[in-house]
Structure formats: structure tokens, C-alpha cells
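The chain contents come next:
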Amino acid sequence: MKTGGWISYVKELGSLMRYMNPRRKKQYFLGMGVAAVNQTLFLISFSLVVQSLVNYAESRDTSLIYQAFYILAGALLLENIISPAFTYLYQRSVEYTILDIRERLYYKICRLRAKYLEQTHHGDLLSRVNNDVNALELTYSSIYFMMLLQIVFSIGSIVAMFILHWQFAAVSLATLLISLAVSIRFARQIRVLYGNSLQLLGKMTEKFMDFIGGIQLVKLFHIRPIYAQYRSLNEQATRIAEQTAHKNGMQTAINHFVSYVTFCGIIVIGSLLYAYGLIGMGSVAAFAVLQINLTHAIMTFGTVLSLAQNSLAGAQRIQEILNEEEEPVRIGTWDSKQVSEAMVEFRNVEFSYQSDKKVLCELSMKVLPGQVAAIVGASGSGKSTLIKLLLGFYPVDRGEILLQGKSFGHYTLEEIRGQIAYVPQDAFLFSGTIEDNIRYGNPEASAEEVREAAGAAYADAFIQELPEKYQTQVGERGASLSGGQRQRIAIARAILKNAPILLLDEATSALDNESEYWVQKALNELMRGRTTILIAHRLSTVEKADSITVMSQGSIVEQGTHQDLLARGGYYAQLYG
Ligand SMILES: Nc1ncnc2c1ncn2[C@@H]1O[C@H](COP(=O)(O)OP(=O)(O)OP(=O)(O)O)[C@@H](O)[C@H]1O
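Chains are numbered independently. Their residues run from 1 in the order of the written sequence. Residue-level local features of this predicted model are given only where pLDDT is at least 70; pairs of side-chain atoms are given and counted only at 80 or more, and the full residue set underlies all totals for whole chains, interfaces and linings. Excluded from the side-chain calculations are hydrogens and water; all other atoms, namely the structure's heavy atoms, are used.

Note the cut-off: UniProt positions are given in the numbering used here, feature names are shortened, and annotations may be inferred rather than shown by experiment.
An unreviewed UniProt entry annotates the chain as ATP-binding cassette domain-containing protein of Paenibacillus lutrae. For the chain, the Subcellular location (unreviewed entry) comment in UniProt is given as "Cell membrane".

**Section: the overall build of the chain**
Formally: Only DSSP runs of H or I with at least four residues qualify as helices, and only runs of E with at least two residues qualify as strands; both kinds are numbered from the N terminus onward. C-alpha atoms define the radius of gyration, and 2.2 Å times the number of residues to the power 0.38 defines the globule rule. Burial classification: accessible surface area is computed with a 1.4 Å probe over protein chains only, and a residue below 20% of its type maximum counts as buried, one above 50% as exposed, and the rest as partly exposed. Contacts between residues were defined by any pair of non-hydrogen atoms, one from each residue, lying within 4.5 Å. Calculation of accessible area relied on Shrake-Rupley with a 1.4 Å probe; when residues are assessed, cover is drawn exclusively from the protein chains displayed. When charges are counted, neither His nor the chain ends are considered; positive counts come from Lys and Arg and negative counts from Asp and Glu. Taken as the charge centre is NZ of Lys, CZ of Arg, CG of Asp or CD of Glu, depending on the residue.
On a plain count of helices and strands, the chain comes out with 18 helices and 10 strands. Computed over C-alpha atoms, the radius of gyration of the chain comes to 35 Å, more than 25% over the 25 Å expected from 2.2 N^0.38 for 577 residues, which places it beyond the range of a compact globule. The C-alpha extent of the chain, read off along each of the three principal axes, is 120 × 55 × 50 Å. Residues classed as buried in the chain amount to 46% of the 577 residues present. For the chain, long-range pairs separated by at least 24 residues make up 78% of all intrachain contacts whose partners lie at least 6 apart in sequence. Only carbon and sulfur atoms are counted for the fraction: they give 59% of the accessible area of the chain, which is about 29,000 Å². One finds the centroid of the 52 positive side-chain charges in the chain at a distance of 6 Å from the centroid of its 51 negative side-chain charges.

**So, the domain arrangement of the chain**
Often the size quoted for an interface is simply the accessible area lost on bringing the parts together. Rules: For each domain, the first and last residues come from an automatic or database assignment.
For the chain, the assigned domains are domain 1 (7–323) and domain 2 (344–576). If you average the C-alpha positions of domain 1 and of domain 2, the two centres end up 54 Å apart.

**Details of the sheet that holds strand 9 (residues 547–552)**
To keep it simple, the criterion reads: Here, any two strands with at least 2 DSSP bridges between them count as paired. A fitted line through C-alpha atoms represents every axis, and for helices the fit uses only the stretch in contact; the resulting angles, taken between N-to-C directions, go from 0 to 180 degrees.
Spatially, six strands are ordered 6-7-8-3-9-10 in an open sheet, and the strand pairing comes out mixed. If you trace the sheet from one side to the other, it starts and ends with strand 6 (420–423) and strand 10 (555–560), each paired once. The mean angle between the axes of side-by-side strands here comes to 20°, regardless of whether they run parallel or antiparallel. In the sheet, strand 3 (residues 372–377) pairs with strand 9 via five bridges, with the strands oriented parallel. Paired with Ile 375 across the two strands is Thr 549, which belongs to strand 9. Across the sheet, helix 10 (residues 383–390) lies against strand 3, strand 6, strand 7 (501–505), strand 8 (531–535) and strand 9, angled at about 135° from strand 3, the strand it touches most.

**Concerning the side chain of Asp 124**
Turning to its location among the elements, Asp 124 is positioned in helix 5 (residues 122–164). Ignoring sequence-local partners within four residues, the contact set of Asp 124 consists of Gly 202, Glu 206 and Arg 317.

**Re helix 10**
The buried fraction of helix 10 amounts to six of the eight residues, a majority that puts the element mostly inside the structure. Following helix 10 by one or two positions, Gly 392 adopts a phi angle in the positive range, close to 75°.

**A look at the packing of aromatic side chains**
Aromatic ring pairs are reported here in terms of the distance separating the ring centres and the angle at which the planes meet. Just so we agree on the cut-off: Planes of paired rings set the category: under 30 degrees apart is stacked, over 60 is edge-to-face and the rest tilted, where pairs are Phe, Tyr or Trp rings (Trp by its six-membered ring) whose centres lie within 6.5 Å.
If you walk through the whole model with that rule in mind, you get 15 aromatic pairs. Judged by centre distance (5.6 Å) and plane angle (55°), the rings of Phe 208 and Phe 211 are tilted. One end of the pair is Phe 208 and the other is Phe 211, both in helix 6 (residues 166–213) and three residues apart, which spans about a single turn. We classify Phe 211 as partly exposed; its relative accessible area is 27%. Through pairs of rings, three or more aromatic residues link up here, namely Tyr 28, Phe 29, Tyr 90, Tyr 140, Tyr 144 and Phe 145.

**A word on the site of the ligand**
Counted only if it meets this: We call a residue near a molecule or strand whenever a single non-hydrogen atom of that residue lies within 4 Å of it. Identification of polar contacts relies on pairs of N or O atoms within 3.5 Å, with a donor-acceptor requirement for protein atoms, meaning one able to donate a hydrogen and the other able to accept it, and with residues adjacent in sequence counted only if both atoms are side-chain atoms. In this count, Pro and Cys sit with the nonpolar residues alongside Ala, Val, Leu, Ile, Met, Phe, Trp and Tyr, while Asp, Glu, Lys and Arg are called charged and the others, Gly among them, polar.
Around the ligand, a shell composed of 16 residues is seen, among which Glu 118, Ser 379, Lys 383, Ser 384 and Thr 385 lie nearest. At 3.0 Å from an oxygen atom of the ligand is found a main-chain nitrogen or oxygen belonging to Gly 382. A distance of 2.6 Å is found between an oxygen atom of the ligand and a side-chain nitrogen or oxygen belonging to Ser 384. Among the elements that take part in the shell around the ligand, helix 10 stands out by supplying four residues, more than any other. When its residues are assigned to classes, the shell around the ligand shows four nonpolar, eight polar and four charged.

**Structural notes on the packing of helix 2 (residues 22–59) against helix 5**
Definition in use: For classification purposes, an angle smaller than 35 degrees is called roughly parallel, one larger than 145 roughly antiparallel, one from 65 to 115 roughly perpendicular, and anything else oblique. What makes a crossing left-handed is the near helix being turned counterclockwise from the far one by less than a right angle; a clockwise turn instead makes it right-handed.
At a closest axis distance of 8 Å, the pairing of helix 2 and helix 5 adopts a crossing angle of 40°. Classed by the angle they form, the pair helix 2 and helix 5 counts as oblique. Considering how the two elements wind past one another, helix 2 and helix 5 form a crossing that is right-handed. Counted together, Tyr 28, Met 32, Gly 33, Ala 35, Ala 36, Val 37, Gln 39, Thr 40, Leu 43, Ile 44 and Gln 51 of helix 2 and Thr 139, Tyr 140, Tyr 144, Phe 145, Leu 148, Leu 149, Val 152, Phe 153, Gly 156, Ser 157, Ala 160 and Leu 164 of helix 5 form the full contact between these two elements. Tallied by class, the residues present in the contact of helix 2 with helix 5 amount to 16 nonpolar, seven polar and no charged.

Right under this line is the structure:
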């Protein structure tokens with residue numbers, strides 16, 4: 001084995017400690033170190049107890065019985081009183097470190113660019129936050145300790161063996177090195193398998209989320225390929241688990257073989273030396289106990305080394321997220337010369353998701369304070385993209401967006417988003433109560449203000465009829481409410497936010513007549529006094545807008561009021577007709 005290999009291996013294992021803060025690292029190593037030394041002393045003490053007892057059997061010297069008793073009492077004190085306190089110390093550092101990692105991932109995901117989030121399956125993110133963090137937790141809580149314990153114990157045993165008989169000790173040392181080399185060789189192969197296994201686990205989580213998300217469609221259409229894909233991944237994962245088990249088995253078998261051959265050698269040589277009066281029987285017995293323990297330590301070390309591969313693979317996947325580029329604090333230019341009387345203005349904006357396909361070309365539009373601007377156009381014409389740009393999810397490639405008269409770069413993304421309330425087409429509710437969901441619009445709002453917002457959104461009446469009123473749990477994504485009720489809660493949330501600009505992705509398209517009636521009333525309430533950009537999917541809802549922008553293939557083809565556009569007899573008139 002190359003030295004560079006060993007060193008990089010140790011470095012890699014050490015690099016997992018980067019997630020732990022320095023104060024916790026100190027407590028962690030102190031706790032682990034003291035617990036490992038205690039357990040080593042405890043285990044080694046048994047060989048001394050055996051030595052004393054065998055020597056007593058030979059010499060009938062009763063002081064040896066007392067000696068064995070004192071050693072045993074001391075060992076039990078170490079193991080049962082001192083060890084648990086230090087074990088608690090290092091386990092506590094582990095739990096806080098895992099909490100830190102989960103929080104870092106949570107905030108990192110909040111700050112990731114929209115592009116990354118749109119291209120990454122949420123199942124994969126979920127798998128990284130759960131499976132990979134769990135793999136890391138196992139390393140901190142058990143694997144490192146087990147490794148340290150086996151190392152400290154092996155060193156302790158070998159020192160004890162050297163004190164008892166140096167020739168024997170040399171043989172044991174050679175065994176240790178052979179077994180270590182075998183373990184590291186297998187660990188490398190197992191690492192690749194664990195990496196593939198975690199990747200598969202991520203994909204299986206993706207497929208499972210798709211399956212649960214679309215369960216009604218799966219039932220309705222008997223969609224077999226969904227299950228077939230999941231099964232295929234499951235089978236691949238099983239094959240990898242089989243290969244891992246095979247490698248682990250081989251590693252254990254080789255280590256068993258090496259260790260037991262050594263053990264037999266020690267017994268044979270020990271017996272011969274004893275026969276020639278060169279060593280006492282007590283020392284041979286102590287040696288045998290130490291050798292058995294050493295064998296066990298070496299095999300445990302091999303096993304935990306393999307398990308650590310799972311964490312290394314998981315840590316790599318966690319690091320990939322942590323290294324991902326974040327949204328900048330500001331996007332756009334800080335140009336003091338660019339001013340506008342409009343509340344929102346798009347000035348010659350160009351944008352593409354991929355460099356080869358322009359989604360918005362030379363787009364210019366103004367929305368004056370308090371006005372309602374409707375945007376209409378065929379599917380794929382770029383309406384939702386416009387919203388994403390206004391919310392700062394993507395930077396424009398060319399041109400400028402101005403907000404409250406100033407260019408985008410004057411504001412941080414947080415400030416931009418603070419000025420806008422957005423009601424998407426499919427209202428999203430978080431698991432929790434209705435009150436929680438409305439209050440997300442303004443976390444400082446009192447219960448009274450939440451009720452007022454619900455009243456203005458025409459939601460209070462149906463909420464009062466629910467058994468637990470505002471404390472009703474909405475279920476996953478609001479599953480226990482109807483589409484119209486979800487919309488009105490989302491509107492109440494937007495009312496509570498009280499932002500000057502309102503973005504509406506027309507919400508009424510999927511609702512029945514009665515729900516539409518109430519949602520429309522709620523929207524009218526929400527729009528009162530606010531500058532509104534309304535993405536309209538049905539032309540009947542835009543007639544009253546102050547201006548209508550008609551889009552086609554990323555460009556504006558017509559702009560005007562409903563009457564103007566009808567009179568012009570162009571694209572809008574054709575769509576309307
Ligand atoms: N995240 C994305 N990555 C790449 N291309 C995208 C992305 N989102 C949208 N597009 C493409 O950009 C174009 C405009 O899409 P956009 O969603 O803005 O249209 P839209 O007018 O809102 O359509 P609809 O009315 O159907 O919602 C489409 O060609 C679409 O395929």
C-alpha cells in the first residue's frame with residue numbers, strides 16, 4: 001500500500017470534522033479520548049486478572065486473589081462511573097453538530113439559485129438532508145469512537161504484550177499490520193459501492209415522491225412504468241447491498257484467518273516456552289486473552305472502516321449542496337440615471353434560460369402606481385417568466401427592471417420581495433393551521449389582524465364553520481381544503497403582507513362558479529389601492545384592467561385597453577373573438 005494512499009485516507013476521514021465547530025470539537029475529542037482510554041484499561045485489566053488467577057493456581061499465594069479483585073474493582077469503577085460521563089460529553093457534541101448541519105442545509109437551500117432548485121428533484125434534496133446526514137451522524141456518534149477505541153486498545157494491548165514478552169508482541173504487531181492493510185484495501189472498494197448506493201437512495205426518494213404526489217393518477221391510469229422504475233432502482237440497490245455484503249464477508253474471513261493462525265501460533269510457541277521454563281503459565285494465559293481481544297479489535301476496526309465509507313460518500317453529497325452557488329444579495333445594475341414614474345417598469349428586457357433560446361426579447365412595459373396591468377398571451381409566450389424576473393429569481397440578460405422608479409440594483413433581493421405580494425395559480429399551503437398559514441404574510445400580526453385579513457378575503461365565514469376554526473390543520477399542501485378555500489387563504493396571506501405591488505397568476509381558472517365568485521371578490525379586495533400585475537389565462541377577467549399587454553413568443557405584440565385592442569382588430573381581437 002502506498003504511503004500517499006494512507007495519508008489521503010486519514011485526511012479524508014479527518015475532513016469530516018469540518019462540520020463541527022471548534023468548541024464542540026474539543027468536547028468531542030476529550031469525551032471520546034477519555035472514554036476510549038477507560039474502555040481500553042477495562043479490557044486490558046481482564047488479562048491481568050487472568051494472569052493473577054492462573055499464577056494463584058500455580059503458587060497458592062492468596063495475595064494474588066486480592067490483586068485480581070482490586071484490578072477488577074478499579075476496572076468496573078472506570079467503566080461504569082467515569083466512562084458514561086465522558087460518553088455523554090461527546091454524544092452531546094454530535095447531536096449539536098447534526099443540528100448545525102441540518103440548519104446549514106436548510107438555510108443554504110433557502111439561498112440557492114432558482115435555476116438549481118428548478119433543475120434538482122426535491123426527492124434528491126430530501127435524501128441528502130435525511131439519508132446523508134444520518135450516515136454522517138452514525139460516523140460521529142459510533143464509527144469514530146469505535147475506530148479510536150480499537151486503535152487505543154490495539155496500542156494498549158501491544159504495549160502490554162511487549163511488557164509480558166517482546167517476541168510474542170512482535171508477532172501480534174505483524175498480524176495487526178496485515179489486517180489493517182486488508183481492511184483499507186476492502187474499504188476503498190466498499191466506498192465506491194456506498195457512493196452508488198446513496199445515489200440510488202436519492203433516486204428512489206425522487207421516484208417515491210413522484211409516486212405519492214401523483215397517487216391519484218397512478219390509481220386512475222394504472223400507471224405501471226412508475227412502479228417499474230421504482231422496482232428497477234430497488235433491485236439495483238439490492239444488488240449493490242449484496243456486493244457490499246460480499247466484500248464485508250471476504251474482509252472478515254481474511255482477518256479471521258490471519259488472526260486465528262496467529263492465535264494458534266502463540267498457543268503453540270507459548271506452550272513450548274512454558275515447557276522449557278522460559279515463561280510462566282500466567283503470562284501465557286494473559287497473552288492469550290490479549291490476543292483474542294486484539295483479534296476482535298482488528299476485525300471491528302475493519303468493519304467500522306467500511307461503514308465510514310458510507311459517511312464519506314454522504315459527506316461528499318452534503319458538501320456538493322453547501323458548495324452550490326447562492327443567489328446574490330442584489331441583482332441588476334445600480335444606475336441612478338435610470339428613473340421612472342412607473343411603479344414597475346420593464347425596459348428593453350431580454351432573457352433566456354439557456355443561451356441558445358431567447359424567452360423574452362426587447363420587452364418594455366410600464367405599470368403606473370395604483371393601476372392594474374393584465375398580461376395575456378398563448379401558453380409558453382413568457383408570462384410566468386416575467387413574474388420570475390420581477391421576483392428576482394433570475395437576473396435579466398439585458399435591459400433593466402425598475403421598481404418604484406429606481407433600477408433593480410438599488411434594492412437587495414429581500415427588499416424587492418418585501419415590496420411584492422404574490423398569489424400563484426396553485427395556492428400553496430404549508431402543513432399547519434389555517435392561522436399559521438395566513439400569518440406567514442406577516443409573522444408579527446396579531447390574531448385579530450389575521451381574522452381581519454381572512455374577513456377581507458371572504459374566508460372567515462367558511463373558516464368559522466370548520467370544527468377547529470382558525471386552528472384547523474390544513475393537511476399536506478392544504479389537502480383538507482377545496483381549491484377555492486386554499487386560494488382565499490393565500491389571498492388573506494397576501495392581504496396581511498400589505499405590500500404595494502401585487503402579482504397575480506390568475507387564480508380562478510380551475511374553480512367552479514361559486515368558488516370563483518368568492519375568490520374574485522377576495523381578489524378585488526386585495527387589489528384595492530395596490531399596483532397589480534395580473535397574468536390572465538382567460539380573457540374575460542382582463543376587461544377592466546387599465547392596460548393589457550399581449551405577448552407572443554417572448555415579445556409584446558400589442559398594448560392598450562380592452563376597447564383599444566378590440567377596435568384595433570389585431571391579435572387580441574382574434575384571441576377574444
Ligand atoms: N425553468 C425553465 N428552464 C428552461 N426553460 C423554461 C423554464 N421555464 C419556462 N421555460 C420556457 O420558457 C418559455 C416561456 O415559459 P413561461 O412559463 O414563461 O410561459 P407562460 O406564458 O407563462 O406559459 P403558460 O401560460 O402555459 O403558463 C417556454 O418556452 C418554456 O418552455
